[in-house]
Amino acid sequence: MTEISMKAAGIDTGKIWLDVATYPVSDKQKVPNNADGWQTLADWLERQGIGRVGIEASGGYERDVIAYLHQRGFEVVLLQPRQVRAFGLYKLRRAKNDQLDAALIAECAARSDARCHAPDSRLIAFGEWLLFIEQIEADIACLKTRRERFTDRRILEEIDRSIGELKSRCKAQLALLQAAVREHDDLARKLDLIESIDGIGIRTALTLVILMPELGRVDREEIAALTGVAPYDDQSGKREGERHIAGGRARVRRALFNAALPASQRWNETLVELYDRLTAKGKSHKAALIACVRKLIIFANTVVKRQTPWTKSAPQQNSCA
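Residues numbered from 1 in each chain as written. Predicted model: local features only at pLDDT ≥ 70, side-chain atom pairs only at ≥ 80, totals over all residues. Heavy atoms only, no water.

Colleague: In this structure, what is going on with the pairing of strand β4 (residues 52-56)? I would like to understand it.
Modeller: On a regular strand, one side chain projects to one face of the sheet and the next to the other, so that they alternate. Counting buried positions along β4 gives five out of five residues, so the element sits mostly inside the fold. In terms of strand pairing, strand β1 (residues 8-13) meets β4 through four bridges, oriented parallel. By the bridge assignment for β4, Ala 9 is matched with Val 53. The pairing of β4 with strand β5 (residues 75-79) spans five bridges and is parallel. Bridging across to β5, Glu 56 finds its partner in Leu 79. (Buried < 20%, exposed > 50% of the residue type's maximum accessible area, 1.4 Å probe, protein only. Helix = DSSP H or I, 4+ residues; strand = E, 2+ residues; numbered from the N terminus. Pairing = 2+ DSSP bridges.)

This is the structure we're talking about:
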């Protein structure tokens, strides 16, 4: 947080309504979360002389209004709920309702040096499509768990039939999504670069292209932190706790774990060597696997940044950011 305040607005986002407040003068507004409401909001903000708008991430309900505000020329600061809660604790504010939250977001945005880049509308649509595929995969996993509770052959056959249908649907949707992504030359190029890494298949590559647009634009430490696999110290006084990971994008991390497990056992020589070396030093399977996930996302960041595919001949070069 910076110490210098500026005039800003904060938006508490809901599925139906947007509660708005300004800072330092606390003017308030409430508009519907739809196209008419966004226009009313933007016009009101312009009359208030507001240039910066803070908005709290809210499960996707904020995406369309962010895109509209960017289109109207506003500087948008996207804040995570944890940031807003921490700022509220810092300000000793315990009361909570939508208007108070909007005012807190406005003050937080006024003091923040964060920025929100204009969202890529293509990735927003592809992200929903990917989420649909993930939900199908979750349904398959749920049915497999349910199957373990039964012994009746008729029931088992019915469950197996449902699993087979869902697998076919998932495969078809994945193929359609890949085709749609490849219609865009820049995304197709990024997809090919990421898929060139040993151990990363099309499923994981699509996840990285769609959910990690920062690939190639940030350094290795930041990409690891965005993924949620950057190690953080846990030290205080004489106590030396184990380093641990926290935060990050769960969907990206899940896809990378699914790729890193087989890659570290067979498909990627660099990761096999890393996994064996860490476990030989006494590291747990989980700790070694996290390190392999961190390597994978760094590899992906590197090939996209350099615009050159992965090369087996010189794995040490691939590990550089």
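Colleague: Please explain the nonpolar core as it appears in this structure.
Modeller: Across soluble globular proteins, nonpolar side chains have a tendency to be buried as a group. Ranked by internal contacts, the top residues of the largest apolar core, which has 58 residues, are Ile 194, Leu 208, Leu 215 and Leu 296. Going through the elements one at a time, α5 (121-147), α6 (153-182), α7 (185-195), α8 (202-211), α9 (220-227), α10 (250-267), α11 (269-280) and α12 (285-306) are the ones with two or more residues in this core. The greatest single-element share of this core, amounting to 13 residues, is contributed by α12. Every residue in contact with Ile 194, bar those within four places of it in the chain, is listed here: Ile 200, Ala 205, Leu 208, Val 209, Leu 215, Ala 300, Val 303 and Val 304. Judged by nonpolar contacts, the second largest core, of 19 residues, contains Trp 44, Ile 50, Phe 74 and Val 76. (Core = buried A, V, L, I, M, F, W, Y, C linked by side-chain atoms within 4.5 Å. Contact = heavy atoms within 4.5 Å.)

Colleague: What is the right way to look at α7 in this model?
Modeller: Because each turn of an α-helix spans 3.6 residues, side chains separated by three or four positions end up pointing in the same direction. When α7 is considered as a whole, its buried residues turn out to be Leu 187, Ala 188, Lys 190, Leu 191, Leu 193 and Ile 194. Those residues of α7 hidden inside the fold are in contact with α5, α6, α8 and α12.

Colleague: Is there a simple way to explain α10 in this structure?
Modeller: Helix length check: α10 (18 residues) gives 24 Å between terminal C-alpha atoms against 26 Å at 1.5 Å per residue, within 8%. At Ala 260, α10 is bent by approximately 25°, the largest bend along its length, and proline Pro 262 sits one to four residues beyond. Of the residues making up α10, those classed as buried are Val 252, Arg 253, Ala 255, Leu 256, Ala 259, Ala 260, Ala 263 and Ser 264. (Expected span 1.5 Å × (residues − 1). Bend = angle between axes of the 7 residues up to and from the residue.)

Colleague: Looking at this structure, how should I read the confidence of the model for the chain?
Modeller: Low-confidence regions, as indicated by low pLDDT, have predicted coordinates that should not be scrutinised in detail. Summary statistics for the chain give a mean pLDDT of 86 and a share of 88% for residues scoring 70 or more. Confidence, read as mean pLDDT per element, is least for helix α13 (residues 315-318) in the chain (43) and greatest for α6 (97). Confidence over residues 314-321 falls short of pLDDT 50; this stretch has 16 contacts with residues more than four positions distant or in other chains. (pLDDT = per-residue confidence, 0-100.)

Colleague: Help me understand the pattern of salt bridges, please; the structure alone is not making it clear to me.
Modeller: Pairing is possible between side chains that carry opposite charge, provided their charged atoms lie close to one another. Enumeration according to the criterion identifies 17 salt bridges in this entry. For the salt bridge of Arg 203 with Glu 137, the shortest nitrogen-to-oxygen distance reads 2.8 Å. Taken together, the residues Arg 203 in helix α8 and Glu 137 in helix α5 connect sequence positions 66 residues apart. Connected through salt bridges with shared partners, the residues Asp 43, Glu 46 and Arg 72 form a single ionic network. (Salt bridge = Lys/Arg side-chain N within 4 Å of Asp/Glu carboxyl O.)

Colleague: Whenever I open this one, the sheet that holds β1 confuses me. Can you help?
Modeller: Note: strands within a sheet are paired through backbone hydrogen bonds, in either parallel or antiparallel orientation. With mixed pairing, the five strands of this open sheet are ordered in space as β3-β2-β1-β4-β5. Edge positions in the sheet fall to β3 (28-32) and β5, since each of these pairs with one other strand and no more. The sheet shows a mean angle of 25° between the axes of neighbouring strands, direction not considered. Sheet topology note: the β1/strand β2 (residues 17-23) ladder contains six bridges and is antiparallel. Opposite Ala 9, over in β2, you have Thr 22 as the bridge partner. Sitting on the sheet, helix α3 (residues 81-90) touches β4 and β5, and the angle it makes with β5 is about 85°. (Axes fitted to C-alpha atoms, helices over the stretch in contact; angles between N-to-C directions.)

Colleague: Please explain the packing of α10 against α11 as it appears in this structure.
Modeller: Interhelical geometry of α10 versus α11 gives an angle of 90° and a closest axis separation of 6 Å. As judged from the angle between their axes, α10 and α11 are roughly perpendicular. Seen from α10, the contacting residues are Ala 263, Ser 264, Gln 265, Arg 266 and Trp 267; seen from α11, they are Glu 269, Leu 271, Val 272 and Tyr 275. Here the contact of α10 with α11 is composed, by residue class, of five nonpolar, two polar and two charged. (Parallel < 35°, antiparallel > 145°, perpendicular 65-115°, else oblique. Nonpolar A, V, L, I, M, F, W, Y, C, P; charged D, E, K, R; others polar.)

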